[in-house]
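A closer look at the structure
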Amino acid sequence: LLKEQKIESIVEVGAGYGGQAFVLDAMSYFTKYSIFDLPEVQVLTAKYLSLLNISGIEYPEIHSIEYCESDLVISNYAFSELPKNLQEVYLERVLRHAKNGYLLMNSGMSNSTGRSIGKLSISQIKESLPHLQVLTENPLTGPDNYLLIWKSAV
């Protein structure tokens, strides 16, 4: 997906304690990193990453921004677990403004686990991200899991 592209700004939706930001920082993969999460989680993430001497991470609040541009947006299941109304906000303010995206998902395709109730479907997401590709998660870690990627002309 990203072999020929320079990635300087990354947005992560649902960073947990910040492990992925730590790994990408160790690879010198970005100059700007924004983490969207619950305020309490952002405090934990900031504490963890500061103990590892990682600075320059931003912690915006989704309802406080008009939009957030990035070279890459990533989410490991967090976007797929948001309620539909918040998924729509993230689509409009974050995902649509990303040149590239990588989302591990566990809702929106099938519903064998019940996780797709009250969530956006793939077709609804594709309306905002026309270059979206749907891939099989490999290895498959759950019956409703899959991967969404896109490259756009933002």
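Here the structure is shown first, and the text comes after it.
This report concerns the structure included in the present document. Computed from a prediction, not measured in an experiment: that's the story for all the values here.

Comments concerning a nonpolar patch on the surface
Together, Phe-22, Val-23, Met-27 and Leu-52 give the surface a local cluster of nonpolar side chains, amounting to about 330 Å² of exposed area. Within the secondary structure, Val-23 sits in helix α1 (residues 19–26). Using a relative accessible area of 44% as the deciding quantity, one classes Val-23 as partly exposed.

Concerning the pairing of strand β1 (residues 9–13)
Burial runs high along β1: 5 of the 5 residues are buried. Side chains of β1 alternate between two faces, with Ser-9, Val-11 and Val-13 and Ile-10 and Glu-12 buried alike. In terms of strand pairing, β1 meets strand β2 (residues 32–36) through 5 bridges, oriented parallel. Looking across to β2, one finds that Glu-12 is bridged to Ile-35. Of the pairings in the sheet, the one linking β1 to strand β4 (residues 72–76) comprises 3 bridges and is parallel in character. Bridge pairing in β4 places Ile-10 opposite Leu-72.

Comments concerning helix α4 (residues 84–93)
Within α4 the residues assigned to the buried category are Gln-87, Val-89, Tyr-90 and Leu-91. Looking at the packing, one finds that the buried side of α4 touches β1, β2, α3 (78–81) and α5 (122–128).

Re the pattern of salt bridges
Here the structure, examined in full by the defined rule, presents 4 salt bridges. Between Lys-32 and Glu-58 there is a salt bridge; the shortest N-O distance is 4.0 Å. Separated by 26 residues along the polypeptide, Lys-32 in strand β2 and Glu-58 in strand β3 (residues 57–58) bring together distant segments of the chain. Of the residues examined, Lys-32 reaches a relative accessible area of 33% and is grouped as partly exposed.

Digging into the environment of Thr-113
Following the sequence through the fold, Thr-113 ends up in the loop between β5 (100–105) and α5. As a C-alpha pair, Thr-113 and Gly-142 span 29 residues in sequence and 8.9 Å in three-dimensional space. Among all residues touching Thr-113, those that are not within four sequence positions of it are Pro-143 and Asp-144. A distance of 3.4 Å separates the side chain of Thr-113 from the backbone nitrogen of Arg-115, its partner in a polar contact. In this structure the side chain of Thr-113 is engaged in a polar contact, spanning 2.5 Å, whose partner is the side chain of Asp-144.

A short note on the packing of aromatic side chains
Under the criterion given, the structure shown has 3 aromatic pairs. Judged by centre distance (4.9 Å) and plane angle (85 degrees), the ring pair of Tyr-17 and Tyr-48 falls under edge-to-face. Here Tyr-48 lies in helix α2 (residues 39–51) and Tyr-17 lies in the loop between β1 and α1, a separation of 31 residues in the sequence. When its relative accessible area of 46% is taken as the criterion, Tyr-17 is described as partly exposed.

The rules behind each value
- Residues numbered from 1 in each chain as written.
- Predicted model: local features only at pLDDT ≥ 70, side-chain atom pairs only at ≥ 80, totals over all residues.
- Heavy atoms only, no water.
- Patch = residues over 30% accessible without salt bridge, like charges linked within 9 Å, V, L, I, M, F, W, Y side chains within 5 Å.
- Areas by Shrake-Rupley, 256 points an atom, 1.4 Å probe, with all protein chains shown as cover.
- Salt bridge = Lys/Arg side-chain N within 4 Å of Asp/Glu carboxyl O.
- Helix = DSSP H or I, 4+ residues; strand = E, 2+ residues; numbered from the N terminus.
- Buried < 20%, exposed > 50% of the residue type's maximum accessible area, 1.4 Å probe, protein only.
- Pairing = 2+ DSSP bridges.
- Contact = heavy atoms within 4.5 Å.
- Polar contact = N/O pair within 3.5 Å; in protein donor to acceptor, adjacent residues only side chain to side chain.
- Phe/Tyr/Trp six-rings, centres within 6.5 Å; stacked < 30°, edge-to-face > 60°.

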